[in-house]
Every structure is written in C-alpha cells, then in structure tokens.
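# Report on the structure
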Amino acid sequence: MGTLSKDQRQQLNAYSVYTDEPSTILFRLDQLHDDSFLPDFMNVMYAISGVTSETTAISYFTKRYGMFIAMQFYMLSTYDEVWDSDVSSIHFGARQEFGRTALCTYIKEDDWRFVDDSEREEVIAHILLTQCHEIIQQLRKITSVSPLMLWENIFGYMLWHFHTLLSNPGTEDQTRIDLDILEDDKVWSKFLKHSQFAKYTGGQHPSNLINRPVRKTCCFSKDVPGWLQCGFCPLK
C-alpha cells in the first residue's frame, strides 16, 4: 500500500476528500446496500443539505460523493495510484467548508496502491461497477430519480480533470489511455450496454466541452441553500 504525498493530500482535500477521521461518522457507503437503512440515509441528506425534495437530496449526495470518484481517475492518470479497499471503508462526515456544513468523504491514506498498466482496464471497470453503478441502483430504490442525472453529477468533475490533464504534456499520454478505456463499451459491459461517459461527451475531446452545455439533466443545485444554479443548466 502506498503513502500519499503532501500534494496528493492537498488535491484530495480540495475535492472534499479527507484522510483523517471525521469527528462523527454519519454513515458508510456499504450501508446504502441495506434497503432498511435508506430512510435513515435520506434523513441525513435532508438535514445536511437543507432540502426537502428526495430528488434534490439524492442529487446533493451524488455531487458530493462524485468528487471522490473524480479523484480516483485524477490519481490514476497522474500518479498511477488508486484507492483499493472495501466500500465499507468509505465514510461520510460533516465538515465546515466555505462557512457551511457540507457532506465530505473520508478514506484511509494507506488504502491507496500503485496500478500496473496491465490492470488499468480492470481497475476502471471495478470503480464504475462497485463505486458508481451499484450505488446508483440503490439510490433509485428511494425515488424514480434519473440514473442519467446521477452519472452526470459524477462526470462533471471528471470532465474538468481530463481537460486539465490532457492539456499537460506530463500527464497527457496516460490520461489519453485512461480516457480511451473509460469510453470503451467493453469496460461497462457487465452492467450497461454502452459507455455512459462516451454518451455524456459525445466522443468529443474534453477540452472542447469546457464552458459549454454538456448536461442533459438538471442537477437541482439551484434548490440547495447556499448553492447557485449551474451556469449551463439545461433548464435555462
């Protein structure tokens, strides 16, 4: 298992992912697989987001959790590292950020490991299945929220990271490899017919999509106290 550098920890922190212990653990990711826990999960989301709509509360969660998923791909392309532990090790807690209480993700620093080139496809498929698809399926048991909206909540952060990493000669080649894997239908074949990320980007280079309307769904950030409507909301 690897040890993160100061720069890596700072990058994680910038996306509300922390390697220390939260003062109070609100819940673990694996608890979402327990249908009986889902009402308790929603009560936590209502309280911390300040909303009363099921759809908006679930969207709030996936946007906050989506930062962790985005950092998985950032760390993979930049450092050849990935977080590697059971989803029960992903904890959520509350933290003051920019003057407001926010849901944050907590993981252990020594759960990161180096990734060989030969296993990159397997690693990416594992992230998409166990950390994304299976969680999205559970959230859809609460309300008929669009799975596309939840995927787009995650992809928004990833799109920006791919744009910046592909613009850097030091990370461009590896990022291109990871992006090609992510856009390959084969990697998604265990649970979906086609790559959701390729559908999201339309196969375009991430840099061509920055500051342009990409989303097909509204994330309802306009309804979360303290948040603003997205600049490219499809409802505008």
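Because the structure is predicted, anything quoted here is derived from the model rather than measured. (Residues numbered from 1 in each chain as written. Predicted model: local features only at pLDDT ≥ 70, side-chain atom pairs only at ≥ 80, totals over all residues. Heavy atoms only, no water.)

### Points about the pairing of strand 5 (residues 100-106)
Rule in force here: Each residue is placed in one exposure class: buried if its accessible area under a 1.4 Å probe, protein chains only, is under 20% of its type's maximum, exposed if it is over 50%, and partly exposed if it falls in between. Only runs of H or I of at least four residues qualify as helices and only runs of E of at least two qualify as strands under DSSP, and these elements are numbered from the N terminus. Strands pair, by our definition, only if DSSP identifies at least two bridges between them.
A large share of strand 5 lies buried, amounting to five of its seven residues. With two bridges joining them, strand 1 (residues 17-18) and strand 5 adopt parallel strand pairing. Directly across from Tyr18, in strand 5, lies its bridge partner Tyr106. One ladder, built from seven bridges, connects strand 4 (residues 91-97) with strand 5; its direction is antiparallel. The residue bridging Ala94 from the neighbouring strand is Leu103, located in strand 5. In textbook terms, the turn of a hairpin is the stretch between consecutive antiparallel strands, and for strand 4 and strand 5 this stretch comprises two residues, one of which, Phe98, has a positive phi near 55°.

### Side note on the pattern of salt bridges
Here is the rule: Should a side-chain nitrogen of Lys or Arg be within 4 Å of a carboxyl oxygen of Asp or Glu, the pair is scored as a salt bridge.
For the coordinates displayed, the defined rule picks out 15 salt bridges. A salt bridge links Asp84 to Arg113; its shortest N-O distance comes to 2.7 Å. Residue Asp84 is located in the loop between strand 3 (81-83) and strand 4, and its partner Arg113 is located in strand 6 (residues 112-114); the two are separated by 29 residues in the primary sequence. Judged by its relative accessible area of 30%, Asp84 is partly exposed.

### Considering the environment of Tyr18
Operational definition: Should any heavy atoms of two residues lie within 4.5 Å, those residues are considered in contact.
As for its placement among the helices and strands, Tyr18 is situated in strand 1. Along the sequence, Tyr18 and Lys186 sit 168 residues apart, while their C-alpha atoms lie 32 Å from each other. Not counting the four nearest positions on each side in its chain, Tyr18 is found in contact with Asn13, Arg95, Glu97, Cys104, Thr105, Tyr106 and Ile107.

### Section: the packing of helix 3 (residues 54-79) against helix 4 (residues 120-139)
What counts, and what does not: To obtain an axis, a line is fitted to C-alpha atoms, over the contacting stretch when the element is a helix, and the angle between two such axes runs from 0 to 180 degrees between their N-to-C directions. Working rule for angles: under 35 degrees goes down as roughly parallel, over 145 as roughly antiparallel, 65 to 115 as roughly perpendicular, anything else as oblique. Note on residue categories: nonpolar means Ala, Val, Leu, Ile, Met, Phe, Trp, Tyr, Cys or Pro, charged means Asp, Glu, Lys or Arg, and polar means any other residue, Gly included.
At a minimum axis distance of 12 Å, the contact between helix 3 and helix 4 shows a crossing angle of 175°. Judged by the inter-axis angle, helix 3 sits roughly antiparallel to helix 4. The segment helix 3 lies against helix 4, with Ile58, Phe61, Thr62, Tyr65, Phe68, Ile69, Gln72, Phe73, Leu76 and Ser77 engaging Arg120, Ile124, Ile127, Leu128, Gln131, Cys132, Ile135 and Leu139. Considering only residue class, the contact of helix 3 with helix 4 consists of 13 nonpolar, four polar and one charged.

### Side note on the sheet that holds strand 1
Spatial strand order, 1-5-4-2: four strands in an open sheet with mixed pairing. Lying at the two open borders of the sheet, with one neighbouring strand each, are strand 1 and strand 2 (27-28). Bridge analysis of strand 2 against strand 4 gives two bridges, and the strand direction is antiparallel. Note that in strand 4 the partner of Arg28 across the bridge is His91. Along the sheet face, helix 2 (residues 38-49) touches strand 2, strand 4 and strand 5 and points at about 135° away from the line of strand 5.

### Points about the state of the cysteines
As used here, a disulfide is simply a covalent bond connecting the sulfur atoms of two cysteines. Convention followed: Note on terminology: pairs of cysteine sulfur atoms within 2.5 Å are recorded as disulfides.
The final tally for this structure, using the stated rule, is zero disulfides. This cysteine, Cys132, is not joined by any disulfide, and Cys219 carries the nearest cysteine sulfur, 17 Å off. Owing to a relative accessible area of 4%, Cys219 belongs among the buried residues under this scheme.

### Overview of the packing of aromatic side chains
Selection criterion: Stacked, edge-to-face and tilted are the three classes for Phe, Tyr and Trp ring pairs, Trp counted by its six-membered ring, which pair at centre distances within 6.5 Å; planes under 30 degrees apart are stacked, over 60 edge-to-face, the rest tilted.
Under the defined criterion, the tally for this structure stands at 20 aromatic pairs. Summarising the aromatic geometry, the rings of Tyr65 and Phe68 are spaced 6.1 Å apart at their centres and angled 25° between planes, so their arrangement reads as stacked. Here Tyr65 pairs with Phe68, and both are found in helix 3, just three residues apart, close to one helical turn. Relative accessible area serves as the criterion here: at 2%, Tyr65 is assigned to the buried category. Phe68 sits in the buried class, given a relative accessible area of 0%.

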